[in-house]
Structures are given as C-alpha cells and as structure tokens.
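Structure assessment
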Amino acid sequence: MAITQQLARVPAEYLDACRRSAAESPDGDHQWDPPSVDCLDLDWAPSMLERACELTRLDAVHLEALRSATDGDSGIDLGFLNANQHAIAFFSNSTPTALHPADVARVSTLLGEIDMRAILRSVVDSGAGSTLGDGFIGDPTEYLLAHFGALRGFYEEAARRRLLVVLWWD
C-alpha cells in the first residue's frame, strides 16, 4: 500500500475539540473527521515538486515555503492524533504536523509567486525530468502541475478562512 501526503484545513477550535476528546476518551478517540472538502491528497508529488525546485535553484525563501507547505511544523503538539487505534497516520511512523493560520497565509502568498510551469519546463528541457521521482514514467509535468495547483489552491482557501493546516503521511 502506498503512503501518500495528506492535508486537512481545520479551525483551531476543531483541533482543540479533538485534543479534548482524546484526553477524555478511555481509548484516546480524538473524533478526527474533517469534512472531505477540507482535505487534500497530494499523492507522491511533494518530494518531486521539491526536487524540481532544487534542480532549478529556486530561491531559498520560496523553496522553504514549499517545504513548509508539505512538511508543516512539528512545534504544534499533535501526538494525540497518532495514538492507539485512532491514528490518522496509520501506515506511517511520523506524527502529524501543522501550520498556524499566520504561517498558512505566508506560505499561501509565497506559493502564489512560484511559476511551477516554468520550473518544470526547465527541468524537462534539461533532461533532468527522470530524476524527479523513482518509478515515474514519462513527462511528470501535468501530474506535478495538477498537484501544485491543488496545493496552492488549498492554501489560498485555508488562508482566506484563517485555518490551520494539518499534515501527515498515510
């Protein structure tokens, strides 16, 4: 079974309610179930997007924004989401991470400034497209553009609504 990048946009109050539920439940059930419209499956795209940006020497500020968009921040305690039989990252050993609304807004702005089409064109034209991901056959441009567009749109909406973004691999 493939492990893929998952994201959810949630209000701080929802995350607090899940934390309380986990603490009050005898089996640690956090009641995590964000609406599907506020969830995004990035598949295997994050590492390929990052690699494309590294190959084209995207500046450090924008590269870090892309990394934050897919790595989150481990400074927010989300261990309760990965405890017991109620783990949201069931197939992963890593604890979910998150970004606060202010970080979501910053990341959203910076993602909006990245010209991923030009980056991918440069990578493919240089012949380095095959180095973006193991097992990917053919030109990854459309796959990566679709996933980057979804990521950017996801963050735009989260920033507009002042939501946190929770990230995990599953």
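Before any of the text, the structure's been laid out above.
The model shown is predicted, which means the values in this text are computed figures rather than measured ones.

Another aspect to go through is the packing of helix α4 (residues 101-112) against helix α6 (residues 141-160). Each pair of packed helices gets described by two things: the angle between the helix axes and the distance between those axes. Two elements in contact, α4 and α6, have axes whose closest approach is 8 Å; the angle formed by their N-to-C orientations is 140°. In terms of their interaxial angle, α4 and α6 are classed as oblique. Both α4 and α6 take part in a crossing whose hand is left-handed. Here Val104, Ala105, Val107, Ser108, Leu111 and Gly112 of α4 lie close against α6, whose contacting residues are Phe148, Leu151, Arg152, Tyr155, Glu156, Ala158 and Ala159. The class makeup of the residues in the contact of α4 with α6 is nine nonpolar, two polar and two charged.

Moving on: helix α3 (residues 60-71). Taking 1.5 Å of rise per residue, the twelve residues of α3 would be expected to cover 16 Å, and the 16 Å separating its terminal C-alpha atoms lies within 8% of that figure. Among the residues of α3, His62, Leu63, Ala65, Leu66, Ser68, Ala69 and Thr70 are the ones counted as buried. At the N-terminal boundary of α3, the capping side chain belongs to Asp59, with an oxygen 3.2 Å from the backbone nitrogen of Val61. Gly72, located one to two residues past α3, shows a positive phi value of around 70°.

Thresholds applied
- Residues numbered from 1 in each chain as written.
- Predicted model: local features only at pLDDT ≥ 70, side-chain atom pairs only at ≥ 80, totals over all residues.
- Heavy atoms only, no water.
- Axes fitted to C-alpha atoms, helices over the stretch in contact; angles between N-to-C directions.
- Helix = DSSP H or I, 4+ residues; strand = E, 2+ residues; numbered from the N terminus.
- Parallel < 35°, antiparallel > 145°, perpendicular 65-115°, else oblique.
- Left-handed = near helix turned anticlockwise from the far one by under 90°.
- Contact = heavy atoms within 4.5 Å.
- Nonpolar A, V, L, I, M, F, W, Y, C, P; charged D, E, K, R; others polar.
- Expected span 1.5 Å × (residues − 1).
- Buried < 20%, exposed > 50% of the residue type's maximum accessible area, 1.4 Å probe, protein only.
- Polar contact = N/O pair within 3.5 Å; in protein donor to acceptor, adjacent residues only side chain to side chain.

Remember, this is a structural readout, not a statement about activity or role.
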